[in-house]
Amino acid sequence: MLGYYSRLSSEIYDIDKPIGRSFGDIEFYLERLESVEGPILEPATGTGRILIPLLEKGFQVDGFDSSEEMLSICRRNCKQRGLDPTLFNGKMESFSLDTQYGAIIIPTGTFLLLHEREKSIAALKNFHKHLKHGGKLIVDVFLQTDITLGKVSTRTWELANGDVITLEDKTVQVDYINQYTVGHNRYEKWRDGTLIQSELEKFPLRWYGVEEFKTILEQVGFENIVISSGYEYGKYPETHGQPITFEGTVHK
């Protein structure tokens, strides 16, 4: 069983969510970071979909990811645009740097991949430690809205060279007590009708209640917490299908 974001899944991420593609999040983060002083850190930076637009707007942004495949694509995407940010392999709960950041951002619900409560709390404490006085944590989460065990969905992408990649995903486990699901994503690459590569990816996702996550942030030490939804700053969630963004400040 592979971890998430191995070679095929990273390739598809780069195709499906190209650099600069926005779901409203890029504009939102640009606005929220406008007043930030000091460098910015993006954990789980992926292929650079958000990192690169921030760099191109003049922000100083470092990034890390636990997937070497993702980092390799991110470095290539940066190099193609003449950018050379600090990128490194690391995990949200255990990275350790000397830098104190003006902001740490985790868009698109990536934080939910830390499905074990202990690791997610450790990560939030680690973020707090790496933020300077007045620094911001901005993190997106989303609610689990469709938990159906065994339901299979399939997607297909045709590459420029004629190869085809298919993705079959299904939820195989749900833990209502500990608030996470586990999905299996099967990627297959086909060439002229012959299977040339396949991967099985285990994909866990945690969920939080809105007020629950706010309370956790407060317990870790974040203050002045603002909850937004649908990338409208300060708009409290009214429906369950929108991304929910939490912003908290560090006072040391």
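The shown structure was predicted, so the numbers you read here are calculated from the model rather than taken from an experiment.

Reading guide: rules and limits
- Residues numbered from 1 in each chain as written.
- Predicted model: local features only at pLDDT ≥ 70, side-chain atom pairs only at ≥ 80, totals over all residues.
- Heavy atoms only, no water.
- Salt bridge = Lys/Arg side-chain N within 4 Å of Asp/Glu carboxyl O.
- Helix = DSSP H or I, 4+ residues; strand = E, 2+ residues; numbered from the N terminus.
- Buried < 20%, exposed > 50% of the residue type's maximum accessible area, 1.4 Å probe, protein only.
- Contact = heavy atoms within 4.5 Å.
- Pairing = 2+ DSSP bridges.
- Axes fitted to C-alpha atoms, helices over the stretch in contact; angles between N-to-C directions.
- Expected span 1.5 Å × (residues − 1).
- Arc of directions from axis to C-beta.

## Details of the pattern of salt bridges
Then, number 1: Tallying each qualifying case throughout the model produces eight salt bridges.
Then, number 2: The salt bridge partner of Asp-25 is Arg-49, with a shortest N-O separation of 2.5 Å. Taken together, the positions of Asp-25 in helix H2 (residues 25-32) and Arg-49 in the loop between strand S1 (40-43) and helix H3 (51-56) put the pair 24 residues apart, joining distant regions of the chain. Each member of the pair Asp-25 and Arg-49 is classed as buried.
Then, number 3: With a closest N to O distance of 2.9 Å, Glu-247 and Arg-32 form a salt bridge. With Glu-247 in strand S11 (residues 244-249) and Arg-32 in helix H2, this pair connects stretches of sequence that are 215 residues apart.

## Comments concerning the side chain of His-128
Then, number 1: As for its position among the elements, His-128 is in helix H5 (residues 117-129).
Then, number 2: Other than its neighbours up to four places away in sequence, His-128 contacts Val-220, Gly-221, Phe-222, Val-250 and Lys-252.

## Digging into the sheet that holds strand S3 (residues 87-89)
Then, number 1: Pairing is mixed across the open sheet formed by seven strands, whose spatial order is S3-S2-S1-S4-S5-S11-S10. Looking at the sheet topology across the chains shown, the edges are occupied by S3 and strand S10 (223-229). Strand-to-strand twist in this sheet, taken as the mean axis angle between neighbours without regard to direction, amounts to 15°.
Then, number 2: In terms of strand pairing, S10 meets S11 through five bridges, oriented antiparallel.

## Re helix H4 (residues 68-80)
Then, number 1: Here H4 spans 18 Å end to end across 13 residues, near enough to the 18 Å set by a 1.5 Å rise per residue.
Then, number 2: Buried within H4 we find Met-70, Leu-71, Ile-73, Cys-74, Asn-77 and Cys-78. One side of H4 carries all its buried residues, which in axial view fall inside an arc of 165°. In H4, those exposed residues whose orientation departs by more than 90 degrees from the buried face are Lys-79 and Gln-80.
Then, number 3: Contact partners of the buried residues in H4: helix H1 (7-16), H3, strand S2 (61-65) and S3.
Then, number 4: Of the residues trailing H4, Gly-82 is marked for its positive phi of about 70°.

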